[in-house]
Amino acid sequence: MKHSIGIMEVKNIAKGFLVADAMLKAANVELIMANSLCPGKYIIMIAGDVGGVQNAVRSGRAAGGSENIVDETVLPNIHKDIFKALTGSTDVKNIKALGIIETYSVASAIVAADTAAKAAAIELLEVRLARGMGGKAVISLTGEVGAVNSAVRAGVSAIQEHGFLVDHLVLAAPHQSLHKALF
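Here goes a summary of the coordinates provided.

What counts, and at which threshold
- Residues numbered from 1 in each chain as written.
- Predicted model: local features only at pLDDT ≥ 70, side-chain atom pairs only at ≥ 80, totals over all residues.
- Heavy atoms only, no water.
- Helix = DSSP H or I, 4+ residues; strand = E, 2+ residues; numbered from the N terminus.
- Expected span 1.5 Å × (residues − 1).
- Buried < 20%, exposed > 50% of the residue type's maximum accessible area, 1.4 Å probe, protein only.
- Arc of directions from axis to C-beta.
- Contact = heavy atoms within 4.5 Å.
- Phe/Tyr/Trp six-rings, centres within 6.5 Å; stacked < 30°, edge-to-face > 60°.
- Pairing = 2+ DSSP bridges.
- Axes fitted to C-alpha atoms, helices over the stretch in contact; angles between N-to-C directions.

Digging into helix α1 (residues 13-26)
Step number 1: Between the first and last C-alpha of α1 there are 20 Å, a value that for 14 residues agrees with the 20 Å anticipated at 1.5 Å per step.
Step number 2: Those residues of α1 lying buried are G16, V19, A20, A22 and M23. All buried residues of α1 lie within an arc of 165° about the axis, which places them on one face of the element. Turned more than 90 degrees off the buried face of α1, the exposed positions are A14, F17 and K25.
Step number 3: On the buried face of α1, the contacting elements are β1 (4-10), β3 (41-48), α2 (50-64) and β4 (69-75).

What to know about the packing of aromatic side chains
Step number 1: Applying the stated criterion to the full structure yields 1 aromatic pair.
Step number 2: Judged by centre distance (4.9 Å) and plane angle (35°), the ring pair of F17 and Y42 falls under tilted. Taken together, the positions of F17 in helix α1 and Y42 in strand β3 put the pair 25 residues apart, joining distant regions of the chain.
Step number 3: On the basis of relative accessibility, which here comes to 5%, the residue Y42 falls in the buried class.

Concerning the sheet that holds strand β6 (residues 123-129)
Step number 1: If you trace the 4 strands from one edge of the open sheet to the other, you get β6-β7-β5-β8, paired in antiparallel fashion. Of all strands in the sheet, those bounded by a partner on one side alone are β6 and β8 (165-171). Shown here is a sheet whose adjacent strand axes are inclined to one another by a mean of 10°, direction ignored.
Step number 2: Note: β6 against strand β7 (residues 137-143), 6 bridges, orientation antiparallel.

Written out as structure tokens, the structure reads:
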């Protein structure tokens, strides 16, 4: 599996297809995701070696024009649990403390999730992407209270200066009924 990913979030669907095509033609990369998202945005996620992913993202930006890009990122060494969290296929059975990070973009959510997962001994529950949420994304994670606090702080720190943070919280002992709402 490739450990470097590139993500581009585009303001409209037509430009999204143009950007995706340019990215895939620019380098030997694998298309992981290319979908429309609320509210009429388009997300492209690719994987490959770092140089190829960086080249593909540069080519996508050039093709779409920076004025049409909502957010973008290259993560050279993505945490292994990100893909499970993106597909909702995590195998977490016990919710301890609960951490939530809400963002205005998909790319920033994945950056925050990757940073949080690397910062502390937590388990990612889900990275829910912009579908039915007005273009926002939400990360949920669990673990011991101290680890969840550290992970959420790190994830927030990674995206806060770019203006994509909506909100965040840590529930030290979430009510048992909330556990069902998470999956």
